[in-house]
Amino acid sequence: MLSFVNTRADGAGGVEIFGAAAGFAEWAVERGLLDAAIVVTDSDAAAARELRDALVTTLLTHAGDPDIDAAQLAEAERYLRQAGVRYPLTTVVTAQDAQLFAGSSGVPGVLGSVLAAVTETAQRGDWTRIKACCNPPCHFGFIDRTRNRAARFCSPGCGSQVSMRALRQRRKQAETR
């Protein structure tokens, strides 16, 4: 799931992997989620971006990002509910365990697999530990491994960038007074 979330362009030179059909198809084929013979369209890549962006908004709320308001979260949750209907999951129960799998194949199967991973993460109790970095150009998905579950940034470097921006803003405001 984190590899899906971390396909966004970032401020560090990372490119938008789902910007076109070819990038989305290559990502899915590399992970064994899609057969290389399946035709992927730009609208499929757009659907992947929409699902990813809704997940990123949710992960930013896990990190306590003050830039995400209630309306943005409600919109993301609305989209995720619709995606749950659009990309159904199938439960497979064996003597050893129970797992969720995408209920369809092709591109809907890829996006269903992402939702299955999210659901299994939530069922394990780890969903709120999955966060997105609160550094605006980054928003990289990460697992919060801190004891108090208070991490807001994917790395000390991102935390430092945010602190420096805030310091510069305070100095700028002090100069204009």
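Residues numbered from 1 in each chain as written. Predicted model: local features only at pLDDT ≥ 70, side-chain atom pairs only at ≥ 80, totals over all residues. Heavy atoms only, no water.

- The protein is annotated in an unreviewed UniProt entry as CGNR zinc finger domain-containing protein of Nocardia huaxiensis.

Remarks on the packing of aromatic side chains
Logical step 1: Evaluated as defined, the whole model comprises 4 aromatic pairs.
Logical step 2: Seen from their ring centres, Phe 4 and Phe 18 are 5.4 Å apart, and the 50° between their planes marks the pair as tilted. Pair noted here: Phe 4 is in helix H1 (residues 2-5) and Phe 18 is in the loop between H1 and helix H2 (21-30), with a separation of 14 residues, a long-range link.
Logical step 3: Between Phe 18 and Phe 24 the ring centres are 5.1 Å apart and the planes differ by 85°, which places this aromatic pair in the edge-to-face class. For the pair Phe 18 and Phe 24, a shared accessibility class is recorded, and that class is buried.
Logical step 4: A connected cluster of aromatic rings, assembled from ring pairs, spans Phe 4, Phe 18, Phe 24 and Trp 27. (Phe/Tyr/Trp six-rings, centres within 6.5 Å; stacked < 30°, edge-to-face > 60°. Helix = DSSP H or I, 4+ residues; strand = E, 2+ residues; numbered from the N terminus. Buried < 20%, exposed > 50% of the residue type's maximum accessible area, 1.4 Å probe, protein only.)

Digging into the side chain of His 139
Logical step 1: Checked against the element boundaries, His 139 lands in the loop between strand S3 (130-132) and strand S4 (141-143).
Logical step 2: What makes His 139 buried here is its relative accessible area of 13%.
Logical step 3: At a separation of 3.2 Å, a polar atom in the side chain of His 139 contacts the main-chain carbonyl oxygen of Pro 136. (Polar contact = N/O pair within 3.5 Å; in protein donor to acceptor, adjacent residues only side chain to side chain.)

With respect to the pairing of strand S1 (residues 89-93)
Logical step 1: Of the pairings in the sheet, the one linking S1 to strand S2 (residues 98-102) comprises 5 bridges and is antiparallel in character. By the bridge assignment for S2, Val 92 is matched with Gln 99.
Logical step 2: Taking the residues that link successive antiparallel strands as the turn, the S1-S2 hairpin has 4 residues. (Pairing = 2+ DSSP bridges.)

Here's the deal with the pattern of salt bridges
Logical step 1: Under the definition given, this model contains 6 salt bridges.
Logical step 2: A salt bridge links Glu 30 to Arg 31, with the shortest nitrogen-to-oxygen separation between them at 3.5 Å.
Logical step 3: Arg 31 gets classed as partly exposed once you look at its relative accessible area, which sits at 39%.
Logical step 4: Put simply, Arg 124 and Asp 126 hold a salt bridge, and the shortest N to O gap is 3.4 Å.
Logical step 5: Residue Arg 124 is classed as exposed on the basis of its relative accessible area of 54%.
Logical step 6: Here Asp 126 falls in the partly exposed class, since its relative accessible area comes to 28%. (Salt bridge = Lys/Arg side-chain N within 4 Å of Asp/Glu carboxyl O.)

Examining the environment of Val 5
Logical step 1: Within the element layout of this structure, Val 5 appears in helix H1.
Logical step 2: When the C-alpha positions of Val 5 and His 139 are compared, they lie 9.1 Å apart, and in sequence the two are 134 residues distant.
Logical step 3: Leaving out residues up to four positions away in the same chain, Val 5 has contacts with Arg 52, Leu 55, Val 56, Leu 59 and Gly 141. (Contact = heavy atoms within 4.5 Å.)

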